[in-house]
Amino acid sequence: MKAIVIVVEKITSEAHLNIPDGLDEYAIKQHIVDRYNTGEMQTEMNIFQVDFESISARIVPEKADTHSIPASISEVRL
């Protein structure tokens, strides 16, 4: 038997950034988005909380026939 497991998580992270003085709200948002998009902020982020949204598993035949669709595939929500 083979199972395909899907885990959906919500991760809360915190990053401490130095923001240049004198920026308006839009420029601050853009500065943060730019840091994130360039990957500069990812290494600084500390994950301090992970909440599981859902975990599900789909049971599939181990040797599935590629020419037919299985009559039933079980799905289990945990």
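Since we're looking at a predicted model, the values are computed, not measured.

Procedures and definitions
- Residues numbered from 1 in each chain as written.
- Predicted model: local features only at pLDDT ≥ 70, side-chain atom pairs only at ≥ 80, totals over all residues.
- Heavy atoms only, no water.
- Helix = DSSP H or I, 4+ residues; strand = E, 2+ residues; numbered from the N terminus.
- Buried < 20%, exposed > 50% of the residue type's maximum accessible area, 1.4 Å probe, protein only.
- Areas by Shrake-Rupley, 256 points an atom, 1.4 Å probe, with all protein chains shown as cover.
- pLDDT = per-residue confidence, 0-100.
- Patch = residues over 30% accessible without salt bridge, like charges linked within 9 Å, V, L, I, M, F, W, Y side chains within 5 Å.
- Salt bridge = Lys/Arg side-chain N within 4 Å of Asp/Glu carboxyl O.
- Contact = heavy atoms within 4.5 Å.
- Expected span 1.5 Å × (residues − 1).

A. View of the overall build of the protein. In terms of regular secondary structure, the protein is built from one helix and three strands. The linear arrangement of helices and strands in the protein, starting from the amino end, is β-α-β-β. Split into buried and exposed, the 78 residues of the protein put 6% on the buried side. Entry remark: accessible area of the protein is about 6700 Å², with carbon and sulfur atoms responsible for 53%.

B. Layout of the confidence of the model for the protein. Residues with a pLDDT of 70 or more make up 81% of the protein, whose mean pLDDT is 80. Helix α1 (residues 25–37) holds the highest mean pLDDT among the elements of the protein, 92, whereas strand β3 (residues 74–77) holds the lowest, 55.

C. Spatial organisation of a nonpolar patch on the surface. Judged by side-chain polarity, Ile19, Leu23, Ile28 and Ile32 come together as a nonpolar surface patch covering roughly 250 Å² of accessible area. Mapped onto the secondary structure, Ile19 falls in the loop between β1 (2–14) and α1.

D. Main features of the environment of Ile4. When you line up the elements, Ile4 lands in strand β1. Note on Ile4: relative accessible area 34%, which makes it partly exposed. Through-space distance from the C-alpha of Ile4 to that of Ala57 is 5.5 Å; in sequence the pair is 53 residues apart. Other than its neighbours up to four places away in sequence, Ile4 contacts Ser56, Ala57, Arg58 and Val60.

E. Just the side chain of Arg35, in detail. Within the secondary structure layout, Arg35 lies in helix α1. Here Arg35 falls in the buried class, since its relative accessible area comes to 13%. Setting aside residues no more than four positions away along its own chain, Arg35 makes contact with Leu17, Glu40, Met41 and Glu44.

F. Fine view of α1. Taking 1.5 Å of rise per residue, the 13 residues of α1 would be expected to cover 18 Å, and the 18 Å separating its terminal C-alpha atoms lies within 8% of that figure. Directly beyond the C-terminal end of α1, a positive phi value near 85 degrees is found at Gly39.

G. Structural view of the pattern of salt bridges. Here the structure, examined in full by the defined rule, presents two salt bridges. Glu25 serves as the salt-bridge partner of Lys29, at 3.3 Å between the closest nitrogen and oxygen. With Lys29 and Glu25 both in helix α1 and four residues apart, the pair spans about one turn of that helix. One salt bridge connects Arg35 with Glu40, and the closest N-O pair in it is separated by 3.4 Å.

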